[in-house]
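As a plain string of letters, each chain reads:
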Amino acid sequence: MDLEARSLQPNVKAVLLAKLREYKSDLNNLKSEHKRLASTNSNQAARDDLLESGMADAMSVSANQRGRLMMSTERLNESSDRIKESRRTMLETEELGVSILQDLHQQRQSLLHANDTLHGVDDNISKSKKILTNMSRRMSRNKWIISSIIVVLVVAIALILYFKLSK
């Protein structure tokens, strides 16, 4: 999950890495608290056994031990619940990250498709520009040819009229 978060864009990456660090520190705190409670409970139980071995009243010892055992069990259950909650939050965050990565992948595919379409349109525009340039050249050439033919015909008519009228 850490590697996935590091490969994202900087604005998303910073948020996810901060949450990930927070979850890791929470998990480490819970682990250390669990170890501390486990070692405290075992040390406390051993100490209490030694101290209570000299007590005469077995019922009070049993009740005392039972109370401590219930308290320790309750603390252990609370720690387990916190660990489960942290794990659930971590899984939700991971699912969110996967969802974001999928969305980013789809957006990338859309951008690549748009880029390909843009290149196709650019090629078509270039071809159209060449065709229009050729048409413009032909039109200019045809105008010169028609103008030349008109001039030749006018000169020919003028010469014919000149020779007919002069005779």
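Model, not experiment: these values are computed from the prediction.

A word on the overall build of the protein
Scanning the protein from terminus to terminus reveals three helices and zero strands. Written out in order from the N terminus, the α and β elements of the protein read α-α-α. Taking all 167 residues of the protein together, the buried fraction comes to 10%. At a minimum sequence separation of 6, the contacts of the protein that also span at least 24 residues come to 53%. Summed over its atoms, the accessible surface of the protein is roughly 13,900 Å², and 62% of this surface lies on carbon and sulfur atoms.

Some remarks on the pattern of salt bridges
Between side chains of opposite charge, a pair can form when the charged atoms approach closely. Applying the stated criterion across every chain, the model contains three salt bridges. The closest approach of N and O atoms between Glu85 and Arg88, which form a salt bridge, is 2.3 Å. Placement of both Glu85 and Arg88 in helix 3 (residues 58-166) is noted, with a separation of three residues, approximately one turn of the helix. Its relative accessible area of 39% is what places Glu85 among the partly exposed residues. Residues Arg88 and Glu92 are paired through a salt bridge, measuring 2.2 Å at the closest nitrogen-oxygen approach. Here Glu92 and Arg88 lie together in helix 3, a separation of four residues that amounts to about one turn. With a relative accessible area of 39%, Arg88 lands in the partly exposed category. For Glu92, a relative accessible area of 41% gives the class partly exposed. A single network of salt bridges, built from pairs that share partners, joins Glu85, Arg88 and Glu92.

Describing the confidence of the model for the protein
The pLDDT averaged across the protein works out to 85; a share of 84% of its residues lies at or above 70. Mean pLDDT across the elements of the protein bottoms out in helix 1 (residues 2-6) (67) and peaks in helix 3 (92).

Conventions and cut-offs
- Residues numbered from 1 in each chain as written.
- Predicted model: local features only at pLDDT ≥ 70, side-chain atom pairs only at ≥ 80, totals over all residues.
- Heavy atoms only, no water.
- Helix = DSSP H or I, 4+ residues; strand = E, 2+ residues; numbered from the N terminus.
- Buried < 20%, exposed > 50% of the residue type's maximum accessible area, 1.4 Å probe, protein only.
- Contact = heavy atoms within 4.5 Å.
- Areas by Shrake-Rupley, 256 points an atom, 1.4 Å probe, with all protein chains shown as cover.
- Salt bridge = Lys/Arg side-chain N within 4 Å of Asp/Glu carboxyl O.
- pLDDT = per-residue confidence, 0-100.

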